[in-house]
Amino acid sequence: MDIPFWNKEIETAERSRLEQIQLERLKVTVGWALKTALYRKRLNQAGINSPDDIKSLGDLRRIPFTTKDDLRVSFPKGHLAVDMVDVLRIHSSSGTTGIPTVIYYSREDVDNWTDLLARSIVGAGGTRADVFQNMMTYGFFTGGLGLHYGAERVGMTVIPISGGNTKRQIQTMRDFRSTVLHVTPSYLLHIHSKLGDEGVCLEDLALRKAFIGAEPHSENTRRKLQDLLRIEAFNSYGLSELNGPGVAFECVCRKDMHVWEDGYIAEIIDPKTGEVLKDGQEGELVLTNIVRRATPILRYRTRDLAFLHPQGCDCGRTHRRLSRILGRTDDMLIINGVNVFPSQIEEKIMKIPEVATNYLIHVDKKGALDRLTVKVEIYPKLFLGEVSKLESLKHKIVEELRASITISPAVELHEPGSLPVSEGKAKRVVDERPKD
Amino acid sequence: MKITQISVFLENRKGRLSDVCSLLGAHDINIRALTIAETESFGVLRIVVDKSEAAIKLLRENQFVANFTDVVAIEVPDQPGGLASILKILSEHDVNIEYMYGFVEKFSDKALLVMRFEDTDFAQQVLARQQIHVVTEKEIEGL
């Protein structure tokens, strides 16, 4: 098999060389972190007052973990390590409550990230001859713009179509002979189910690859996509706190995702004790970004459960491979690739006076896509018998939630006492999506 | 003269309407007029009963979401064009109807209609001036 590389020297570097790079970059990163309100105190408390206090990679373990909550507390700029004038871009993702998680990028940061994405794309066999249809949402979400920059660096023909509008996606795939897609697995299945409606068959298309990510999926789903569309599908992994996509990506072997270890230090820990586990052991993925100056993030607890492969890969890359995401250590839901915390929903609906205290978050599948339904009980005293008032209440709830979680849920109004009553930690979330 | 309509919020659940009717029936409350406003995911039951105070107390005690609405019940000639003649008068006097529905029974040769007006007081004045018979609560209890 012909193995394509973007930067063969780095991608196949000896482990000792990689670790040397990691140590140098970690020291620099700690230096940047010491400039932030978020890290100064906690690093000092750990006895780290200057980059030189990091003498080996083992010293990483002296640094306390960073959580999403830390980034909420430090909102908006407590974790910013440069002057705003040097910030080239801001991305943001959902916080666990109304306060989002914000990440700043300097010019150099965008450049480093873009390079890792170009490496990811080329590693998966993408070339400058490809027509790349980027179906991930552009905007605050990192999935769209991240791959866009990477694909341009590779020299692909980029179609920045963003997410949604299935009819237009299909027409575009046909009209421009798109060869590579970037998409969530569920949306790609949905697109496949709609090809017939547009009078399009596979022979009308030139598809050969899809980069799939932003939501968990099984090996069966990947195979199904590959068989249905006669393409190769590559898993990708990333999260906005660590730049976005391009933290880990599958190579042409398609046997789990190489973590780009010259850009990130990956650890797997026991989520309960924080103890660092060995390769092969399943636990929570913890990541440190070592090529981002504006927002250095040290030992970030991703809440994603996975493991790192102990052995190398047939492609010859020395960067360790990360398994697919096996679960979460928190209650975050991923709805059609969008991260949603139940607490975000609760915060919004509890502010609406017509809503009583009980609610239920229901997730299931409608066709290939996820469907989110928020069920609320109405507050009896505010019921005046008018249907129009109830309809506007529904719309108000939908709008409030859309502003907060960026997707529009279905809203159901219920009679008081009809939803399961909260007893301590109530079961507020019912996820009926099949686990294949 | 206004009469009382009871509105009951009904979530989209099997047997919910039957629950309301059974409850009222078991307490000897008679439904005189009924309509359901339905949406995709819920409905609002609107009823006129012979004992409205007792009915709403009973419904609330049984955890139904229920409230009063003022409506007007009027007699309409039970013949072709009967309703049209009344609506024409209302329209000429700029009286807006939000919704309307029919009674189950009647106590003369005329049909009985429940009307919910945008402005109930104004509608009553117009009806009185035009000598259109407005049914009283007492008459409904006696049905």
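This structure is a prediction, so every number in the text was calculated from the model and none was measured.

Thresholds, definitions, all that
- Residues numbered from 1 in each chain as written.
- Chains lettered and ligands numbered in written order.
- Predicted model: local features only at pLDDT ≥ 70, side-chain atom pairs only at ≥ 80, totals over all residues.
- Helix = DSSP H or I, 4+ residues; strand = E, 2+ residues; numbered from the N terminus.
- Rg over C-alpha atoms; globule rule 2.2 N^0.38 Å.
- Pairing = 2+ DSSP bridges.
- Domains from an automatic or database assignment.
- Contact = placed C-beta atoms within 7 Å.
- Nonpolar A, V, L, I, M, F, W, Y, C, P; charged D, E, K, R; others polar.
- Buried ≥ 20, exposed ≤ 12 C-beta atoms within 10 Å, placed from the backbone.
- Axes fitted to C-alpha atoms, helices over the stretch in contact; angles between N-to-C directions.
- Parallel < 35°, antiparallel > 145°, perpendicular 65-115°, else oblique.
- Left-handed = near helix turned anticlockwise from the far one by under 90°.
- Expected span 1.5 Å × (residues − 1).
- Core = buried A, V, L, I, M, F, W, Y, C linked by C-beta atoms within 7 Å.

Remarks on the overall build of chain B
A count of helices and strands for chain B gives five helices and seven strands. Secondary structure of chain B in N-to-C order comes out as β-α-β-β-α-β-α-β-β-α-β-α. Radius of gyration (C-alpha) of chain B: 16 Å, near the 15 Å computed for a compact globule of 143 residues. Considered along the principal axes of its C-alpha atoms, chain B spans approximately 40 × 35 × 30 Å.

Overview of the pairing of strand S3 (residues 131-134) of chain A
Note on strand geometry: in a regular strand, side chains alternate between the two faces of the sheet. All names here are of chain A. Relative to strand S4 (residues 157-159), S3 is paired through three bridges, and the arrangement is parallel. The residue of S4 that forms the bridge with valine 131 is threonine 157. The pairing of S3 with strand S5 (residues 180-183) spans three bridges and is classified as parallel. The residue bridging glutamine 133 from the neighbouring strand is leucine 181, located in S5.

A closer look at the domain arrangement of chain B
All names here are of chain B. With domains assigned, chain B is organised as domain 1 (3-70) and domain 2 (71-141). Measuring from the centre of the C-alpha atoms in domain 1 to the corresponding centre in domain 2 gives 22 Å. Taken residue by residue, the interface counts nine residues in domain 1 and 15 residues in domain 2. Only strand S1 (3-11), strand S2 (31-38) and strand S4 (65-77) provide two or more residues apiece to the side of domain 1 that touches domain 2. Sorting elements by how many residues they give to the side of domain 1 that touches domain 2 places S2 first, with three residues. Grouping the amino acids of the side of domain 1 that touches domain 2 by side-chain chemistry returns three nonpolar, three polar and three charged.

Considering the environment of A:Cys313
Residues and elements named next belong to chain A. Tracing the backbone through its elements, the reader meets cysteine 313 in the loop between strand S12 (300-306) and strand S13 (321-322). According to the C-beta neighbour criterion, cysteine 313 is partly exposed, with 18 such atoms within 10 Å. For cysteine 313 and threonine 142, which are 171 residues apart along the polypeptide, the C-alpha to C-alpha distance reads 28 Å. Not counting residues within four places of it along the chain, the set of residues in contact with cysteine 313 comprises Cys251, Cys253, Lys255, His258 and Arg321.

Section: the domain arrangement of chain A
Residue and element names in this part refer to chain A. If you check the domain split of chain A, you get domain 1 (1-330) and domain 2 (338-431). Taking the mean C-alpha position of each, domain 1 and domain 2 sit 32 Å from one another. Each partner contributes residues to the interface: domain 1 has nine residues there, and domain 2 has 12 residues. No other element matches helix H8 (residues 185-194), which puts four residues into the side of domain 1 that touches domain 2. In the side of domain 1 that touches domain 2, the residues fall into one nonpolar, eight polar and no charged.

Here's the deal with unusual backbone geometry
Residue A:Phe75 is joined to A:Pro76 through a cis peptide bond whose omega torsion reads 0°. Along the chain, the position of A:Pro76 falls in the loop between helix H4 (68-73) and strand S1 (87-93). The phi dihedral of A:Asn243 falls on the positive side, at around 90°, and the residue is not glycine. Notably, B:Asp28 is not glycine yet its phi reads approximately 60°, a positive angle. Residue placement: B:Asp28 occurs in the loop between helix H1 (16-26) and S2.

Let's talk about the sheet that holds S12(A)
Residues and elements named next belong to chain A. Across the sheet, which stays open at both edges, the four strands sit in the order S10-S11-S12-S14 with antiparallel pairing between neighbours. Only two strands of the sheet have a single neighbouring strand rather than two, namely strand S10 (264-269) and strand S14 (327-328). Both S12 and S14 contribute to a ladder of two bridges, which runs antiparallel. Within the sheet, the bridge partner assigned to leucine 305 lies in S14 and is glycine 327.

Things to note about the interface of chain B and chain A
On the chain A side, the residues contacting the 12 residues of chain B number 15 residues. In terms of residue class, the side of chain B that touches chain A is made up of five nonpolar, six polar and one charged.

Structural notes on the sheet that holds strand S18 (residues 369-378) of chain A
Residues and elements named next belong to chain A. Read from one edge of the open sheet, four strands run S19-S18-S17-S20, paired in mixed fashion. Two strands lie at the open edges of the sheet, namely strand S19 (410-414) and strand S20 (429-431), each paired on one side alone. Across this sheet, the average inter-strand angle for adjacent strands is 20°, counted without regard to direction. Bridging between strand S17 (residues 355-366) and S20 involves three bridges; their strand directions are parallel. Pairing of valine 363 across the sheet is with aspartate 431, part of S20. Those strands touched by helix H11 (residues 387-405) are S18 and S19, and its axis lies near 135° from that of S19.

Points about the packing of helix H5 (residues 107-123) of chain A against helix H6 (residues 142-154) of chain A
Residue and element names in this part refer to chain A. Running from N to C, H5 and H6 cross one another at 70°; their axes reach a closest spacing of 7 Å. Here H6 runs roughly perpendicular to H5, going by the angle between their axes. Crossing geometry of H5 relative to H6 is assigned as right-handed. Two secondary-structure elements touch here, H5 through Val110, Trp113, Thr114, Leu117, Ala118, Ser120, Ile121 and Val122 and H6 through Gly146, Leu147, Tyr149, Gly150, Ala151, Arg153 and Val154.

Digging into H6(A)
One turn of the α-helix equals 3.6 residues, which is why residues spaced by three or four share an orientation. Residue and element names in this part refer to chain A. Here H6 contains 13 residues, and its C-alpha end-to-end distance of 18 Å stays within 8% of the 18 Å for a straight helix at 1.5 Å per residue. With respect to burial, H6 is a largely interior element, 10 of its 13 residues being buried. Of the positions making up H6, those classed as buried are Thr142, Gly143, Gly144, Leu145, Gly146, Leu147, His148, Gly150, Ala151 and Val154. Where the residues of H6 are buried, they touch S1, H5, S3, S4, S5 and strand S8 (244-250). Positive phi shows up at glycine 155, right after H6, with a value of about 100°.

Comments concerning the packing of H8(A) against helix H9 (residues 219-229) of chain A
Residue and element names in this part refer to chain A. Their axes nearest at 11 Å, the elements H8 and H9 cross at an angle of 30°. Comparing the axis directions of H8 and H9 gives the class roughly parallel. Pair H8 / H9 crosses with left-handed handedness. Within the contact between the two elements, H8 uses Pro185, Leu188, Leu189 and His192 and H9 uses Thr221, Leu225, Leu228 and Leu229. Here the contact of H8 with H9 is built from residues that sort into six nonpolar, two polar and no charged.

A few points about the nonpolar core
One finds A:Leu188 and A:Tyr264 to be the most contacted residues of the largest nonpolar core, which totals 77 residues. Residue contributions to this core peak at six residues, all from H5(A). Filtering out sequence-adjacent residues up to four positions away, A:Leu188 remains in contact with A:Leu181, A:Val183, A:Ala210, A:Ile212 and A:Leu225. A:Leu413, B:Phe42, B:Ile47 and B:Val135 belong to the second-largest nonpolar core, a separate cluster that totals 57 residues.

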